[in-house]
Amino acid sequence: MAGKQMKSLAKDTAIYGVSSILGKFLNWLLVPLYTYVLASSADYGVVTNLYSWTALLLVILTYGMETGFFRYVNKEENNPDLVYSTSMISVGITSLIFAVWCVLFAPQIGHWLDYDNHPEYIWMLGLSVALDAFASIPFAYLRYLKRPLKFAAYKLLFICLNIPFNLFFLIVCPWLMKHAPHTIDWFYNPNYGVGYVFVSNILATAIQTAFLAPYIFAVKFRLDTALLRKILRYSLPLLVLGVAGIMNQTLDKILFPFLLPGAKGASELGIYGATSKIALVMLMFTQAFRYAYEPFVFAQKKDENSLTAYSDAMKYFVIFSWLIFLGMTLYIDVFKFIIKHTYWTGLSVVPLVLISFIFQGIFFNLSVWYKLTDKTMYGAWFSLIGTIIIVVDNVLLVPRYSYMGSAWAAFGCYFVVMLVSYFIGQKYFPINYQLKTIGKYSLLALALFFLGWYIDLHYILLNLLFRTVLLAIYVWYMTRRDFPLNQIPYINKFLKK
C-alpha cells in the first residue's frame, strides 16, 4: 500500500514539476526580451518593482485558504462541495473588494508608488492579482480532485498566452508601425512601452480565469458561515506564515541597497540576483513536491500507515534534492552559461542557495505536524523567526561580505527554522523520520561536492569527466540502497533478457 502511495505521489510531483519547471523557464525567457526591447533599465525596474508587490499581495489575498480548503475538505463530517463553495465565495469577495479599491484609488496609490503618470498600471495589476487570488481556490480544487494534468494545462495556459502577447506588443507591433502602421495605429501607442507588459499580463490572466469557469461553477454557490469561521481560524495564521515566507525569499534583495549603497552595491546585487537564478531548479522541484504533497498529507491522515508514508516522503525528497544539488554544482561549468560571463564572479553563492532551498523543502515537509494538529500558529512563528534571522544576518554580514553575506543569511534562516520545527514537531506529532539514512545521503553528497568543487584538473573536459564519476557514485549508492534497478519495471525486463 505504501509503495502505491509513493508511486502516486511521485507521479503527481512529476506532472506538477514539469508544469512548474517549464512555466518558470518560459517566464524566465521574458527577462532577456524585456532588457533588450524596453527603452531603458528604468522601465525594467518598473516591472521588477510592481511584480514584487504582486507576490506579496497574492499571499495576502489568499490568506492561507488553499491549505484551509484541503484541511476541511478531507474531514469526513464535511460536505466537500460546501467547503469548496464557502472557500471560493470568501476569497472571491475579498478579491473583488481589493480590485474595486485598486480601480477607485489608482491615482492615489500610483502617486504613493511614484507612478503618477500611469495610474492604469495600478488598476491593471490590481485586477490581475485579484483574479489570480480567486483562481487559487479552483486550482486547489483540481489538486483535491487529483487532476494534475488539467492543473498543469491551465497553469501553462497563462504562460502560453502571456509570452505571445508580450511578443506581439513589444516586437510585432513596433515592426508593423514602421511597415504597415494603418493596421494597428487604431489601438497601439508606440510610446506606451512597459505598459504593454501589464496589458499582456491582465489579458492572459482574464483568459485563464475564463477557462477555469467549468470548475468555478461545478458546485452550487453556498456560504456556510460557521464552516467559514472554522476555516479562517485555521487559515489566518498561515497568512502570517505566507507573508513571512515571501519576505524570507526577497528581503535580502530589498535590504541590500541600504546595506551596501552606491554603484558598487547595485553591481553586487545584480551579480547575486543573476547567480541565484541558477539555483532555481531546486526551488522548482520543491514547489512541485509541495503541490503534490499538501493534498497527499491530508488524504493520508485517514490511513493507519500515514506516519510511515510521511517518513518515506521526507526520505525520498531529501535523496532527490541532493541529487539535484550535485547535478547543479558538479556541472556548474555548463550551467554558468545561463548568465553572462561578467556575473561569473558570484558563482560561489550557488551551493549555499541550493542548500538553503533544500532546508526550505525539509521545513515544508516538517510542516505536516502543525497542519494536521491545527497548530498553524507555530508555522507563523517559525517564519517570523526566519525573518528576524534574515534581517539581523544581512545587517551584520552584507556590509563586510557583500552578497556572500546574503547567501549565508538565507542559509542560517532556513537551517534554524528547519531544526526548530523538527524538535517541536516531535513533541506534538512524533514521526519516525529515517534520520540515519538521510544523514548518510547528506554526508555522501557533501563529500562528493567538495571533491568536485575544489579539485581542478585544469581542463574543462577532464573536470566534467571527473565530476561525472562523482555523480555516478551517488546514483550507484541510490540504486544499491533505495532504488534497486531490478525493481524498476523496464530495467527489470532488460536484465531478464
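Look a little higher up for the structure.
Below: a short report on this structure. (Residues numbered from 1 in each chain as written. Predicted model: local features only at pLDDT ≥ 70, side-chain atom pairs only at ≥ 80, totals over all residues. Heavy atoms only, no water.)

This part covers the overall build of the protein. Looking only at helices and strands, the protein features 22 helices and 0 strands. Out of the 497 residues belonging to the protein, those deemed buried represent 52%. Here the protein displays about 24,100 Å² of accessible surface, and carbon together with sulfur accounts for 69% of that area. (Helix = DSSP H or I, 4+ residues; strand = E, 2+ residues; numbered from the N terminus. Buried < 20%, exposed > 50% of the residue type's maximum accessible area, 1.4 Å probe, protein only. Areas by Shrake-Rupley, 256 points an atom, 1.4 Å probe, with all protein chains shown as cover.)

Quick look at the packing of helix α14 (residues 306–330) against helix α20 (residues 435–454) now. Put simply, α14 and α20 touch, their axes get as near as 10 Å, and they point 0° apart. By the angle between their axes, α14 is roughly parallel relative to α20. For the pair formed by α14 and α20, the contact residues are M314, K315, V318, I319, W322, F325, L326, T329 and L330 on the first element and T437, I438, Y441, S442, A445, L446, L448, F449, G452 and W453 on the second. (Axes fitted to C-alpha atoms, helices over the stretch in contact; angles between N-to-C directions. Parallel < 35°, antiparallel > 145°, perpendicular 65-115°, else oblique. Contact = heavy atoms within 4.5 Å.)

In this structure the tally under the stated criterion is 2 salt bridges. We note a salt bridge from R143 to E66, for which the minimum N-O separation is 3.7 Å. Here R143 is found in helix α7 (residues 119–144), whereas its partner E66 is found in helix α4 (residues 65–73), with 77 residues between them in sequence. R467 is paired through a salt bridge with D333; the nearest N and O atoms lie 3.0 Å apart. Here the residue R467 occupies a position in helix α21 (residues 460–481), and D333 occupies one in helix α15 (residues 332–335), the gap between them amounting to 134 residues. D333 sits in the buried class, given a relative accessible area of 16%. (Salt bridge = Lys/Arg side-chain N within 4 Å of Asp/Glu carboxyl O.)

The next thing to look at is the packing of aromatic side chains. Per the counting criterion, the structure on display carries 36 aromatic pairs. An angle of 5° between the planes, with centres 3.9 Å apart, marks the rings of Y84 and Y141 as stacked. Remark: Y141 occurs in helix α7 and Y84 occurs in helix α5 (residues 80–104); sequence separation between them is 57 residues. Judged by centre distance (5.8 Å) and plane angle (70°), the rings of F217 and F221 are edge-to-face. The exposure class assigned to F221 is partly exposed, which follows from its relative accessible area of 39%. Counting every residue linked through ring pairs, the aromatic cluster contains Y121, F168, F169, W186, F187, Y188, Y192, Y196 and F198. (Phe/Tyr/Trp six-rings, centres within 6.5 Å; stacked < 30°, edge-to-face > 60°.)

Bringing the side chain of S311 into the picture now. With respect to the helices and strands, S311 occurs in helix α14. Residues contacting S311, with those up to four places away along its chain left out, are I431, N432, Y433 and Q434.

Once that is clear, we can look at the environment of F151. Structurally, F151 can be placed in helix α8 (residues 148–179). The class for F151 is buried, based on a relative accessible area of 2%.

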